[in-house]
Amino acid sequence: MTPTLRQPHSRQSLLRRAVITGMATIILAFPALALAKDIQVAVAANFTEPAKDIAQAFEKKTGTHVVMMFGASGAFYSQIQQGAPFDVMLSADAERPFKLEDSGLGIKGTRFTYAYGKLVLWSANPALIDPAGKVLAQGNFQHLAIADPVAAPYGAAAVDYLRKRGLYDALAPKIVKGASIAQAFSFIDTGSAELGFVALSQIHQSHKGSRWVVPIKDYPAIEQQAILLKDSPEARAYLAFLKSSAGLNIIKSYGYDVK
(Lines give C-alpha, C1' and ligand atoms only; values in the text may rest on other atoms or scores of the structure.)
Protein backbone atom coordinates (compact mmCIF):
# COMPACT_ATOMS: atom_id res chain seq x y z
CA MET A 1 0.00 0.00 0.00
CA THR A 2 1.32 3.31 -0.98
CA PRO A 3 1.46 5.56 2.06
CA THR A 4 -0.49 8.87 1.91
CA LEU A 5 1.87 11.74 2.05
CA ARG A 6 0.81 14.81 4.16
CA GLN A 7 0.90 17.96 2.11
CA PRO A 8 2.87 20.77 3.68
CA HIS A 9 0.75 23.69 4.91
CA SER A 10 0.56 26.56 2.48
CA ARG A 11 1.85 29.92 3.57
CA GLN A 12 -1.69 31.28 3.39
CA SER A 13 -3.15 28.61 5.70
CA LEU A 14 -0.34 29.08 8.20
CA LEU A 15 -1.01 32.82 8.23
CA ARG A 16 -4.73 32.24 8.73
CA ARG A 17 -4.06 29.90 11.66
CA ALA A 18 -1.69 32.44 13.23
CA VAL A 19 -4.29 35.20 13.00
CA ILE A 20 -7.01 33.02 14.57
CA THR A 21 -4.65 31.96 17.36
CA GLY A 22 -3.66 35.55 17.97
CA MET A 23 -7.28 36.71 18.20
CA ALA A 24 -8.09 33.93 20.64
CA THR A 25 -5.14 34.94 22.78
CA ILE A 26 -6.31 38.56 22.87
CA ILE A 27 -9.85 37.56 23.84
CA LEU A 28 -8.58 35.30 26.62
CA ALA A 29 -6.29 38.01 27.92
CA PHE A 30 -8.93 40.73 27.69
CA PRO A 31 -12.37 39.09 28.06
CA ALA A 32 -14.07 42.51 28.23
CA LEU A 33 -13.31 42.95 24.53
CA ALA A 34 -15.33 39.87 23.70
CA LEU A 35 -18.27 40.80 25.91
CA ALA A 36 -18.39 44.57 25.86
CA LYS A 37 -21.22 46.32 24.07
CA ASP A 38 -22.51 49.85 23.88
CA ILE A 39 -24.92 51.05 26.54
CA GLN A 40 -27.40 53.88 26.02
CA VAL A 41 -27.66 56.43 28.83
CA ALA A 42 -30.15 59.30 29.17
CA VAL A 43 -28.33 62.08 31.06
CA ALA A 44 -29.86 65.15 32.68
CA ALA A 45 -28.41 68.23 30.97
CA ASN A 46 -26.83 69.62 34.15
CA PHE A 47 -24.70 66.47 34.40
CA THR A 48 -23.29 66.68 30.86
CA GLU A 49 -19.63 67.33 31.62
CA PRO A 50 -19.29 64.96 34.61
CA ALA A 51 -21.04 62.25 32.58
CA LYS A 52 -18.52 62.65 29.77
CA ASP A 53 -15.61 62.28 32.19
CA ILE A 54 -17.21 59.27 33.87
CA ALA A 55 -17.92 57.59 30.53
CA GLN A 56 -14.33 58.08 29.43
CA ALA A 57 -12.94 56.58 32.64
CA PHE A 58 -15.45 53.71 32.56
CA GLU A 59 -14.67 52.84 28.94
CA LYS A 60 -10.94 52.89 29.67
CA LYS A 61 -11.47 50.48 32.55
CA THR A 62 -13.99 48.09 30.96
CA GLY A 63 -13.96 48.56 27.20
CA THR A 64 -17.70 49.29 27.22
CA HIS A 65 -18.66 52.33 25.15
CA VAL A 66 -21.26 54.66 26.68
CA VAL A 67 -23.60 56.36 24.19
CA MET A 68 -25.16 59.39 25.88
CA MET A 69 -28.03 61.72 25.15
CA PHE A 70 -28.38 64.95 27.13
CA GLY A 71 -31.60 66.79 27.87
CA ALA A 72 -34.36 67.61 30.32
CA SER A 73 -35.34 64.85 32.74
CA GLY A 74 -39.03 65.36 32.01
CA ALA A 75 -38.48 64.90 28.29
CA PHE A 76 -36.50 61.69 28.86
CA TYR A 77 -39.22 60.39 31.16
CA SER A 78 -41.81 60.84 28.41
CA GLN A 79 -39.53 59.19 25.84
CA ILE A 80 -38.92 56.18 28.10
CA GLN A 81 -42.67 55.79 28.59
CA GLN A 82 -42.96 55.65 24.81
CA GLY A 83 -40.30 52.94 24.50
CA ALA A 84 -37.03 54.86 24.02
CA PRO A 85 -34.22 52.25 24.14
CA PHE A 86 -32.17 53.58 27.06
CA ASP A 87 -30.32 51.21 29.39
CA VAL A 88 -29.84 53.75 32.19
CA MET A 89 -31.34 57.09 33.19
CA LEU A 90 -29.42 59.72 35.15
CA SER A 91 -32.19 62.07 36.19
CA ALA A 92 -31.95 65.52 37.76
CA ASP A 93 -34.59 64.55 40.30
CA ALA A 94 -35.81 61.63 42.37
CA GLU A 95 -39.46 61.78 41.30
CA ARG A 96 -39.12 60.45 37.77
CA PRO A 97 -36.84 57.49 38.60
CA PHE A 98 -39.30 56.59 41.36
CA LYS A 99 -42.19 56.68 38.87
CA LEU A 100 -40.25 54.53 36.41
CA GLU A 101 -39.54 51.97 39.11
CA ASP A 102 -43.12 52.06 40.35
CA SER A 103 -44.54 51.53 36.85
CA GLY A 104 -42.18 48.66 36.04
CA LEU A 105 -40.24 50.61 33.41
CA GLY A 106 -37.26 50.79 35.75
CA ILE A 107 -35.72 47.75 37.42
CA LYS A 108 -36.73 47.51 41.04
CA GLY A 109 -33.95 47.93 43.58
CA THR A 110 -31.52 49.72 41.23
CA ARG A 111 -32.56 53.31 41.95
CA PHE A 112 -30.11 55.43 43.97
CA THR A 113 -29.02 59.03 44.51
CA TYR A 114 -25.79 59.80 42.69
CA ALA A 115 -25.55 63.57 43.36
CA TYR A 116 -27.15 66.59 45.00
CA GLY A 117 -27.28 69.60 42.70
CA LYS A 118 -26.82 73.27 43.53
CA LEU A 119 -28.64 76.23 42.02
CA VAL A 120 -26.67 79.33 40.95
CA LEU A 121 -27.65 82.76 39.68
CA TRP A 122 -25.17 83.49 36.89
CA SER A 123 -24.37 86.18 34.35
CA ALA A 124 -21.74 86.35 31.63
CA ASN A 125 -21.31 89.99 32.72
CA PRO A 126 -18.66 90.02 35.48
CA ALA A 127 -20.13 93.16 37.07
CA LEU A 128 -23.83 92.32 37.13
CA ILE A 129 -24.42 89.93 40.02
CA ASP A 130 -23.62 91.08 43.55
CA PRO A 131 -22.41 88.74 46.34
CA ALA A 132 -25.90 88.52 47.88
CA GLY A 133 -28.02 88.20 44.74
CA LYS A 134 -29.82 91.50 45.38
CA VAL A 135 -29.88 92.15 41.64
CA LEU A 136 -33.05 90.06 41.45
CA ALA A 137 -35.00 92.42 43.70
CA GLN A 138 -33.59 95.46 41.91
CA GLY A 139 -34.84 94.11 38.58
CA ASN A 140 -32.30 96.11 36.56
CA PHE A 141 -32.31 93.72 33.60
CA GLN A 142 -34.53 92.71 30.69
CA HIS A 143 -34.38 88.91 30.68
CA LEU A 144 -33.97 86.22 33.32
CA ALA A 145 -33.31 82.71 31.96
CA ILE A 146 -34.48 79.54 33.68
CA ALA A 147 -35.01 75.96 32.56
CA ASP A 148 -38.60 74.92 31.89
CA PRO A 149 -39.88 74.11 35.41
CA VAL A 150 -42.23 71.43 34.07
CA ALA A 151 -39.45 69.40 32.45
CA ALA A 152 -36.32 70.43 34.35
CA PRO A 153 -35.86 70.17 38.15
CA TYR A 154 -33.43 73.11 38.21
CA GLY A 155 -36.12 75.26 36.62
CA ALA A 156 -38.61 74.12 39.24
CA ALA A 157 -36.11 74.98 41.98
CA ALA A 158 -35.60 78.45 40.50
CA VAL A 159 -39.34 79.14 40.42
CA ASP A 160 -39.70 77.85 43.99
CA TYR A 161 -36.94 80.19 45.15
CA LEU A 162 -38.47 83.23 43.41
CA ARG A 163 -41.91 82.50 44.89
CA LYS A 164 -40.53 82.10 48.41
CA ARG A 165 -38.81 85.47 48.11
CA GLY A 166 -41.95 87.11 46.72
CA LEU A 167 -40.19 87.97 43.46
CA TYR A 168 -41.89 85.70 40.96
CA ASP A 169 -44.86 87.85 40.00
CA ALA A 170 -42.71 90.94 39.39
CA LEU A 171 -40.12 89.02 37.38
CA ALA A 172 -42.47 86.70 35.44
CA PRO A 173 -42.65 89.03 32.37
CA LYS A 174 -38.84 88.94 32.16
CA ILE A 175 -38.46 85.17 32.41
CA VAL A 176 -37.34 83.23 29.33
CA LYS A 177 -37.51 79.45 29.56
CA GLY A 178 -35.07 77.01 28.04
CA ALA A 179 -36.13 73.49 27.20
CA SER A 180 -33.37 72.28 29.54
CA ILE A 181 -30.80 73.77 31.89
CA ALA A 182 -28.32 73.56 29.01
CA GLN A 183 -30.46 75.87 26.89
CA ALA A 184 -30.98 78.25 29.81
CA PHE A 185 -27.20 78.39 30.16
CA SER A 186 -26.85 79.09 26.44
CA PHE A 187 -29.27 82.03 26.66
CA ILE A 188 -27.07 83.63 29.33
CA ASP A 189 -23.75 82.68 27.78
CA THR A 190 -24.66 84.27 24.43
CA GLY A 191 -26.17 87.40 25.99
CA SER A 192 -29.76 86.65 24.98
CA ALA A 193 -30.54 86.94 28.70
CA GLU A 194 -28.47 89.11 31.04
CA LEU A 195 -28.64 86.57 33.85
CA GLY A 196 -30.40 83.40 34.95
CA PHE A 197 -30.43 80.30 37.07
CA VAL A 198 -28.08 77.47 36.12
CA ALA A 199 -26.52 74.43 37.77
CA LEU A 200 -23.29 75.01 39.68
CA SER A 201 -21.74 72.14 37.72
CA GLN A 202 -22.05 74.14 34.50
CA ILE A 203 -19.78 76.94 35.74
CA HIS A 204 -17.87 75.31 38.59
CA GLN A 205 -14.67 74.94 36.59
CA SER A 206 -14.95 78.37 34.95
CA HIS A 207 -14.26 81.90 36.23
CA LYS A 208 -16.34 83.62 33.56
CA GLY A 209 -18.88 86.26 34.54
CA SER A 210 -20.43 86.82 37.96
CA ARG A 211 -22.39 84.45 40.15
CA TRP A 212 -24.26 83.95 43.37
CA VAL A 213 -24.74 80.45 44.78
CA VAL A 214 -28.30 80.25 46.11
CA PRO A 215 -28.35 78.92 49.71
CA ILE A 216 -29.51 75.30 49.57
CA LYS A 217 -31.99 75.96 52.40
CA ASP A 218 -33.88 78.33 50.12
CA TYR A 219 -35.12 75.77 47.57
CA PRO A 220 -36.12 72.08 47.61
CA ALA A 221 -33.19 69.68 47.55
CA ILE A 222 -32.16 68.74 44.02
CA GLU A 223 -31.69 65.03 44.61
CA GLN A 224 -30.46 63.44 41.38
CA GLN A 225 -31.17 59.74 41.01
CA ALA A 226 -30.09 57.02 38.61
CA ILE A 227 -32.03 53.92 37.64
CA LEU A 228 -31.41 50.84 35.52
CA LEU A 229 -33.93 50.47 32.70
CA LYS A 230 -32.61 47.43 30.80
CA ASP A 231 -30.65 44.79 32.64
CA SER A 232 -27.22 43.81 31.40
CA PRO A 233 -23.79 43.22 32.99
CA GLU A 234 -22.47 46.31 31.21
CA ALA A 235 -25.21 48.62 32.46
CA ARG A 236 -24.88 47.30 36.01
CA ALA A 237 -21.11 47.79 35.82
CA TYR A 238 -21.69 51.39 34.70
CA LEU A 239 -23.91 52.12 37.70
CA ALA A 240 -21.40 50.46 40.01
CA PHE A 241 -18.67 52.69 38.58
CA LEU A 242 -20.89 55.73 39.16
CA LYS A 243 -20.99 54.79 42.87
CA SER A 244 -17.29 53.94 43.09
CA SER A 245 -14.66 56.25 44.57
CA ALA A 246 -13.46 57.04 41.03
CA GLY A 247 -16.96 58.04 39.93
CA LEU A 248 -17.71 60.01 43.10
CA ASN A 249 -14.45 61.96 42.83
CA ILE A 250 -15.42 63.09 39.33
CA ILE A 251 -18.89 64.09 40.53
CA LYS A 252 -17.51 66.11 43.46
CA SER A 253 -15.02 67.86 41.19
CA TYR A 254 -17.98 69.59 39.49
CA GLY A 255 -19.37 71.00 42.74
CA TYR A 256 -22.02 68.40 43.53
CA ASP A 257 -22.58 67.02 47.00
CA VAL A 258 -22.64 63.23 47.36
CA LYS A 259 -23.65 60.96 50.21
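Use the structure listed above.
To start, this report covers the structure provided alongside it. (Residues numbered from 1 in each chain as written. Predicted model: local features only at pLDDT ≥ 70, side-chain atom pairs only at ≥ 80, totals over all residues. Heavy atoms only, no water.)

1. Topic: the packing of helix H3 (residues 48-62) against helix H12 (residues 245-253)
Put simply, the rule reads: Every axis in this analysis is a line fitted to C-alpha atoms, fitted for helices over the stretch in contact. Angles between the N-to-C directions lie between 0 and 180 degrees. A helix here means a DSSP run of H or I that spans at least four residues, while a strand means a run of E at least two residues long, and both kinds are numbered starting from the N terminus. Angles are sorted into four bins: roughly parallel if under 35 degrees, roughly antiparallel if over 145, roughly perpendicular if 65 to 115, and oblique for all others. Note: crossing handedness is left-handed where the near helix turns anticlockwise from the far helix by less than a right angle, and right-handed where it turns clockwise. In this description, contact between two residues means that some pair of their heavy atoms is separated by no more than 4.5 Å. In this classification, Asp, Glu, Lys and Arg are treated as charged, Ala, Val, Leu, Ile, Met, Phe, Trp, Tyr, Cys and Pro as nonpolar, and every other residue, Gly included, as polar.
Running from N to C, H3 and H12 point in directions that differ by 155°, and their axes come no closer than 9 Å. Taken together, the axes of H3 and H12 are roughly antiparallel relative to one another. Here H3 runs over H12; the crossing is right-handed. When H3 is examined against H12, the residues Pro50, Asp53, Ile54 and Ala57 are found in contact with a partner set consisting of Gly247, Ile250 and Ile251. Looking at side-chain class alone, the contact of H3 with H12 contains five nonpolar, one polar and one charged residues.

2. Thoughts on the packing of aromatic side chains
Between two aromatic rings, the relevant description is the distance of the centres plus the angle of the planes. For the record, the criterion: When the centres of two rings from Phe, Tyr and Trp lie within 6.5 Å, Trp using its six-membered ring, the rings pair. Their planes under 30 degrees apart give stacked, over 60 give edge-to-face, and anything left gives tilted. Per-residue accessibility, obtained with a 1.4 Å probe over protein chains only, is compared with the maximum for each type, and a residue is labelled buried under 20%, exposed over 50%, and partly exposed between these values. Remark: a charge is flagged as sitting over a ring if the NZ atom of Lys or the CZ atom of Arg is within 6 Å of the ring centre and within 35 degrees of the ring normal.
Applying the stated rule across the entire model yields eight aromatic pairs. With 5.8 Å between their ring centres and 55° between their planes, Phe58 and Phe241 make a pair best called tilted. Linking Phe58 in helix H3 with Phe241 in helix H11 (residues 233-243), this pair joins segments that are 183 residues apart in sequence. Like Phe241, Phe58 is buried. Members of the aromatic cluster, connected to one another through ring pairs, are Phe47, Tyr114 and Tyr256. Over the aromatic face of Tyr168 sits the side chain of Arg163, whose NZ or CZ is 4.1 Å from the ring centroid. If you follow Lys174 out to its NZ or CZ, it ends over the ring of Phe141, 4.9 Å from the centre.

3. Structural notes on the sheet that holds strand S8 (residues 195-199)
Rules: When DSSP locates at least two bridges between a pair of strands, those strands are taken to pair.
One open sheet accounts for five strands, arranged S7-S6-S8-S5-S9; its pairing is mixed. On the outer flanks of this sheet lie strand S7 (175-178) and strand S9 (210-213), each paired with one strand and no other. Ignoring strand direction, the axes of neighbouring strands in this sheet form an average angle of 30°. Pairing analysis gives four bridges linking strand S6 (residues 144-147) to S7, with the strands arranged parallel. Considered in S7, the bridge of Ala145 is made with Val176. Sitting on the sheet, helix H9 (residues 181-189) touches strand S5 (119-123), S6, S7 and S8, and the angle it makes with S8 is about 140°.

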